[in-house]
Structure formats: C-alpha cells, structure tokens
Amino acid sequence: MAAISHWINGRTVPAGPDTRLGEVTNPATGEVTGEVALADAATTEGAIRAATEAFPGWRDTSLAKRTAILFAFRELLNARKQELAEIITAEHGKVLSDALGEIARGQEVVEFACGIAGLLKGGFSENVSTTVDVHSLRQPLGVSAIISPFNFPAMVPMWFFPVAIAAGNTVVLKPSEKDPSAANWLAALWQEAGLPDGVFNVVHGDKAAVDTILTSPDVASVSFVGSTPIAKYVYETGTATGKRVQALGGAKNHMLVLPDSDLDLAADAAVNAGYGAAGERCMAISVVVAVEQIADELVEKIAERTRTLRVGDGATEPDMGPLITAAHRDKVAGYIDAGAEAGATVVLDGRDDVPADGFFLNPTLFDHVSPDMSIYTDEIFGPVLSVVRVPGYDEGLELINANPYGNGTAIFTNDGGAARRFEREVEVGMVGVNVPIPVPVGWYSFGGWKNSLFGDTHAYGEEGVHFFTRGKVVTSRWLDPSHGGLNLGFPTHD
Ligand code: NAD
C-alpha cells in the first residue's frame, strides 16, 4: 500500500507516528491502495513557512530565468503525461483518455503562463502633468494557496499554479485527500524542471489544513475550487483575514434544446456532457431543458445512445468509469430513489446491473422532471440526467435564470438570432452554442456566476494574472529644477 505524504521544501516529509491518515482507494475495484497523511496545523504551517522563505529569492529571479523553468516544466509534462494520466485513473476512476484530456486543459494554462513576460508589461504615460510621468507595475503577492477538489486532481491545480509561479509567487497546494498522488507527481516534475525548493509545496489534508491556510497571516491569496458550501466558507473566512480569495463552487448546468436544432447533435452532446467522467464534472450537463414539441424525440435519441455506453474500469478505456467513493455512489443512488418516488419518469435506471466490485452506477435518465424535485434542485455530481420540458425559449431561459447556480449552460439551435439572444440574456458565466461543455480555452477566463463563484476574479487567463499580482501605478517627476522644492498640497494635474 502506498504511503502518500507532503512535499515541503523540495522533499517528501513522511507522516509521523501520531499523524492522522486517510484511505485512498481505486474506485474501479474498491481496493484500498494508499494511505494519505492528513496534516495538522504545525505541518501546514511548515509548508507555509517554506513558501514564505522561498518568496524573496523567487520574486527576484529574473523573468528570463522564470520563463525558462516554465518552458522546461511544459516539455516534461507533455513528454510524461501518460504517467500522470495513469495516476489519475487509478485514484479518481475516470477513463484514461479523459485523464489525458484534463492534463491537456491544464497544460494550456502552463503554455499561457510561458508568455508571462508580455502579460506583466505595465503602461507608461508621459507628461500627465507638466514634467510628470506615470507608469504601472505588476508585482507578485507572496504565498498563494490552492485548495482543490477531487474531480480534477491535475487540471484544477494547473488552473492556478502556472500563473502564480510565473508571476513570482510561491505556492502551497492542498489537493483533495481522495486522490492526492497527482499533486506529488507534479511537485517532483517542478523540481526536475529546475524550480527552486520551497516555491511549490504540497500539503495533504482536510479541514484542519484548510483552516490553517485560511487563518495564516503569511498566506496572501487563496484559490479554492469545490462545493458551494465550502467555497462560501473559504471565501468568508479567507477574506475576513484580509486575503484575496477566488472560490469556485458547485453547479447545476442546463442545456436548452430548441425545436430547430439538430437533434442528433443535441442527443450526442447530452450523453457526452451528462455521463462523461460519470457526471463528476462541474461543467457536466445535468438538466436537459427540452421544448415540448421535440421532447419525445429527443428523449428517445438520448436513451438510444445511452444504452450503448460501456461502464467499467477507466484503465480499460470504457465510456464511463466508477464514482469516486462508495459513500458518493450511495448518495447518487439515493437521488435516483428520490426522483423515482417524486414521480419523475425513470427512462433508464442506473441502479440496474451494476458491476459487483468498485463504486459503479450505470447512467440514469429521468424525464418529466419538475423544478421542485431534489434531482432538479441539488447538484448530484453523478451520471444522472434530468429532462425538464418547457413550452418554448422564454420559459427555458426563465428556468435557467431562476437557478441559484450559474457555472455553465448551453443552447442547441440553428437559429443564429436565438443563440445571440441567449448568450446575452442568460445569467450564467460560461455559455455554449451547440457546445455542451463550454470550458474556455486557457487564455480566456474560467468562472461561473451566482453560487458557482465567490469573489470577483476568475481562474486563469488575463484575470488570473491580475489575481496573482498587485497592480501599482507610479507617478514620477522628471528631475527638472524648476519643479523642485517642497509641496505638501494634494497632487493635482496642473
Ligand atoms: P469539496 O468541497 O468537498 O472539497 C474541495 C476541497 O475542500 C478539498 O480539498 C477538501 O479537502 C476541502 N474541504 C472539504 N470539506 C471541507 C471543510 N469542511 N472545511 C474546509 N475544507 C474542506 O468538493 P469535492 O467533492 O472535492 O469536489 C466536487 C465539487 O467541486 C462539486 O461541487 C463541483 O461542482 C465542484 N467543482 C467546481 C468547479 C468550478 O470550476 N466551479 C470545478 C471542479 C469542481
């Protein structure tokens, strides 16, 4: 069984005799494959101290040298991503090609951060007042903490650390305790790429580690991704101690299908986005909003495709793998019970014929779901797709806008006017037109609205650069003797 422990100041720090341990399982077999150390406050403070001590040296490392390390990291990651994908599949359960997909999306952000020299450029205005110039700087903040969820053990940390590190910050990553090994692999890769010890640290743990991070005076910023209640808690606790916090929360993503759409495309999209990664994606579609006129045909097309899905061990490249834990599998099955009891039509029941070992459920499809049912109101985070029928576009839009979450949404239509109207009118952060999972490419910003994001900054892209730096505007005077001498008055632009 693997012993998984913290990476602090360039080396593994083994668990002590009194360290609490968490179980890591292979969700495809149910077998316990590792034990992860759960940090107490002192261990977490040790990681923060290492990052604090590494900060001055890294901040003062030239952009040329920092960029060279980023390029080296990108090359190593690209060459060895298969190893990382296998680690993800073994602890998370997702299909191997899907694990490679998440690495590719993280790598995009690494590539974006390789251009940090241009992204940190300031501006300059000459002679704003007589003989007075103004220019701006972007400076790193210090120690940046990252607290990440189980569902993207590589991509979500990679939304943040490439930009944070490139901009001259140091990092403490607290990954999910359910699939912790990807973080250690990434830490070792940074060392191989030439990153100085202490710039990237990993501390494993749960609430005890998170609370130490949130209250530490030495942590300047927190990037959190996880469920909405914890995102809100992290935002409120972190900002109360003066930190910058971006806290991305849960989701309930709707896909509106208009009668003029290509129904085969829409059905493919619903299946891919509803059941991919067993529905354990914050950008998964969990509600198909079907205009009544085409609802019967659409449900039939979705069911027909779903029946062909192969469920199994992600390492053997089926269509869909298991859920993360037995407890989560049981919770999702409980929602299926509740949906059936509440009167939704069970078109496909994922509780039938599940493999005996591992934490599996088959895909479930509900029709005639109404907005008061728990399968509609709650984020299920499993392979359960609900169809809600509406009379037309306006009622569909109203339903989506009334939902407390606002992470992603999509419209399926061949009407360009309807698509433009939707992208303007829908109150959701990321919108797809005939694209069901509209995750923006790495140089645009990622982030939802409403209960899907707390804090007004977003993960990566230009917004990420702003998050990890503080802007500064400098007003400077030329050395002109006619403007010398004391002047204690409020500066004016004369
Ligand atoms: P989670 O909220 O349970 O855990 C996220 C992180 O918070 C983990 O590192 C965990 O150790 C820590 N944590 C858990 N409970 C805590 C507590 N009481 N106090 C302090 N820290 C705590 O989320 P999860 O189950 O790992 O991930 C799934 C959730 O993440 C879903 O809700 C999903 O929608 C969301 N998610 C959102 C996005 C996004 O971009 N908005 C992306 C991926 C996942």
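Let me begin by describing the structure that accompanies this report.

Rules and cut-offs
Residues numbered from 1 in each chain as written. Predicted model: local features only at pLDDT ≥ 70, side-chain atom pairs only at ≥ 80, totals over all residues. Heavy atoms only, no water. Helix = DSSP H or I, 4+ residues; strand = E, 2+ residues; numbered from the N terminus. Rg over C-alpha atoms; globule rule 2.2 N^0.38 Å. Buried < 20%, exposed > 50% of the residue type's maximum accessible area, 1.4 Å probe, protein only. Contact = heavy atoms within 4.5 Å. Areas by Shrake-Rupley, 256 points an atom, 1.4 Å probe, with all protein chains shown as cover. Lys, Arg positive; Asp, Glu negative; His and termini not counted. Charge placed at Lys NZ, Arg CZ, Asp CG, Glu CD. 1 Å grid on protein atoms, 1.4 Å probe; cavity = no way out; pocket = protein on both sides within 12 Å on 5 of 7 lines; lining within 4 Å. Points joined across faces, edges and corners; volume = space filled by probe spheres on them. Nonpolar A, V, L, I, M, F, W, Y, C, P; charged D, E, K, R; others polar. Domains from an automatic or database assignment. Pairing = 2+ DSSP bridges. Axes fitted to C-alpha atoms, helices over the stretch in contact; angles between N-to-C directions. Polar contact = N/O pair within 3.5 Å; in protein donor to acceptor, adjacent residues only side chain to side chain. Core = buried A, V, L, I, M, F, W, Y, C linked by side-chain atoms within 4.5 Å. Parallel < 35°, antiparallel > 145°, perpendicular 65-115°, else oblique. Left-handed = near helix turned anticlockwise from the far one by under 90°.

## Re the overall build of the protein
Part 1 of the reasoning: Across its full length, the protein carries 15 helices and 23 strands.
Part 2 of the reasoning: For a compact globule of 494 residues, the expected C-alpha radius of gyration is about 23 Å, and the protein comes in at 25 Å, within 12% of that figure.
Part 3 of the reasoning: Scored against the burial criterion, the 494 residues of the protein give a buried share of 56%.
Part 4 of the reasoning: At a minimum sequence separation of 6, the contacts of the protein that also span at least 24 residues come to 72%.
Part 5 of the reasoning: Accessible surface, the protein as shown: approximately 19800 Å² in total, 53% of it carbon and sulfur.
Part 6 of the reasoning: Computed over 36 positive and 62 negative side-chain charges, the separation of the two mean positions in the protein equals 7 Å.

## Describing the layout of surface pockets
Part 1 of the reasoning: The volume enclosed by the largest pocket comes to roughly 880 Å³.
Part 2 of the reasoning: Along the walls of the largest pocket sit 41 residues, with Pro149, Phe150, Gly226, Ser227 and Ile230 positioned nearest its centre.
Part 3 of the reasoning: Counting only elements with at least two residues in the lining of the largest pocket, the list comes to helix H5 (155–166), helix H7 (207–215), strand E11 (219–225), helix H8 (228–240) and helix H11 (326–341).
Part 4 of the reasoning: Counted by class, the lining of the largest pocket contains 21 nonpolar, 11 polar and nine charged residues.
Part 5 of the reasoning: Both domains that meet at the lining of the largest pocket, namely domain 1 (3–249 + 452–474) and domain 2 (253–433), each give it at least three residues.

## Re the sheet that holds strand E1 (residues 2–4)
Neighbouring strands of a sheet are bound in pairs by backbone hydrogen bonds; such pairs are parallel or else antiparallel.
Part 1 of the reasoning: Pairing is mixed in the open sheet, where three strands are placed in the order E1-E5-E4. Where the open sheet ends on each side, the last strands, each with one partner, are E1 and strand E4 (20–26). Strand-to-strand twist across the sheet, computed as the mean angle between neighbouring axes with direction ignored, equals 30°.
Part 2 of the reasoning: Pairing between E1 and strand E5 (residues 31–38): three bridges, direction parallel. Across the sheet, isoleucine 4 pairs through a bridge with valine 36, a residue of E5.

## Considerations on the side chain of asparagine 151
Part 1 of the reasoning: Summarising the element assignment, asparagine 151 is placed in the loop between strand E8 (143–147) and H5.
Part 2 of the reasoning: The exposure class of asparagine 151 is buried, given its relative accessible area of 5%.
Part 3 of the reasoning: A polar contact of 3.2 Å, which involves the side chain of asparagine 151, links it to the backbone oxygen of glutamate 280.

## Thoughts on empty space enclosed by the protein
Part 1 of the reasoning: Across all of its chains, the model carries three cavities of 30 Å³ or more by this definition.
Part 2 of the reasoning: Counted as a void, the largest cavity has a volume near 110 Å³.
Part 3 of the reasoning: If you go around the largest cavity, you meet 15 residues; those closest to its centre are Gly279, Ala284, Ser286, Glu379 and Phe381.
Part 4 of the reasoning: Partitioned by chemical class, the residues of the lining of the largest cavity number seven nonpolar, five polar and three charged.
Part 5 of the reasoning: Taken as a whole, the second largest cavity holds about 60 Å³ of empty space.

## Topic: the sheet that holds strand E17 (residues 384–390)
Part 1 of the reasoning: Spatial strand order, E15-E16-E17-E14-E13-E19-E20: seven strands in an open sheet with mixed pairing. Here the strands that pair on one side only, and so sit at the sheet edges, are strand E15 (345–348) and strand E20 (430–433). Between one strand axis and the next, the sheet turns by 20° as a mean value, whatever way the strands run.
Part 2 of the reasoning: Direction of pairing for strand E19 (residues 408–412) relative to E20: parallel, over a ladder of four bridges. Residue alanine 410 lies in a different strand from E20, and its bridge partner there is glycine 432.
Part 3 of the reasoning: Packed onto the sheet, helix H9 (residues 263–275) meets strand E13 (253–257), strand E14 (285–291), strand E16 (364–367), E17 and E19 and runs at close to 170° relative to E13.

## Considerations on the environment of phenylalanine 200
Part 1 of the reasoning: Within the secondary structure layout, phenylalanine 200 lies in strand E10 (residues 200–202).
Part 2 of the reasoning: On the basis of relative accessibility, which here comes to 3%, the residue phenylalanine 200 falls in the buried class.
Part 3 of the reasoning: A sequence separation of 192 residues divides phenylalanine 200 from isoleucine 8, and the C-alpha atoms of the two residues are 7.8 Å apart.
Part 4 of the reasoning: Among all residues touching phenylalanine 200, those that are not within four sequence positions of it are Trp7, Phe161, Ile165, Val171, Leu173, Ala183, Leu186, Ala187, Trp190 and Leu195.

## Side note on the nonpolar core
For soluble globular proteins, nonpolar side chains are generally found buried alongside one another.
Part 1 of the reasoning: The biggest cluster of nonpolar side chains holds 61 residues, and the ones touching the most others in it are Leu77, Trp159, Phe161 and Phe200.
Part 2 of the reasoning: Counting contributing residues, this core receives three or more from each of domain 1 (3–249 + 452–474) and domain 2 (253–433).
Part 3 of the reasoning: Setting aside residues no more than four positions away along its own chain, tryptophan 159 makes contact with Val109, Val225, Leu248, Phe446, Ala459 and Tyr460.
Part 4 of the reasoning: Formed by 57 residues, the second largest nonpolar core is a distinct cluster that contains Ala333, Leu365, Leu399 and Ala418.

## With respect to the environment of isoleucine 336
Part 1 of the reasoning: Mapped onto the elements, isoleucine 336 comes out in helix H11.
Part 2 of the reasoning: When its relative accessible area of 0% is taken as the criterion, isoleucine 336 is described as buried.
Part 3 of the reasoning: The spatial distance from the C-alpha of isoleucine 336 to the C-alpha of valine 132 is 68 Å, given a sequence separation of 204 residues.
Part 4 of the reasoning: The residues contacting isoleucine 336, other than those within four sequence positions of it, are Asp349, Arg351, Leu361, Thr364, Phe366 and Val384.

## Quick look at the packing of H9 against helix H10 (residues 292–306)
Part 1 of the reasoning: Orientation of H9 relative to H10, taken along the N-to-C sense of each, is 55°, at an axis distance of 9 Å. Our classification of the angle between H9 and H10 gives oblique. Pair H9 / H10 crosses with right-handed handedness. Between H9 and H10, the residues in contact are Leu263, Asp264, Ala266, Ala267, Asp268, Ala270, Val271 and Tyr275 and Ile294, Glu297, Leu298, Lys301, Ile302, Arg305 and Thr306, respectively.
Part 2 of the reasoning: A per-class count over the contact of H9 with H10 returns nine nonpolar, one polar and five charged.

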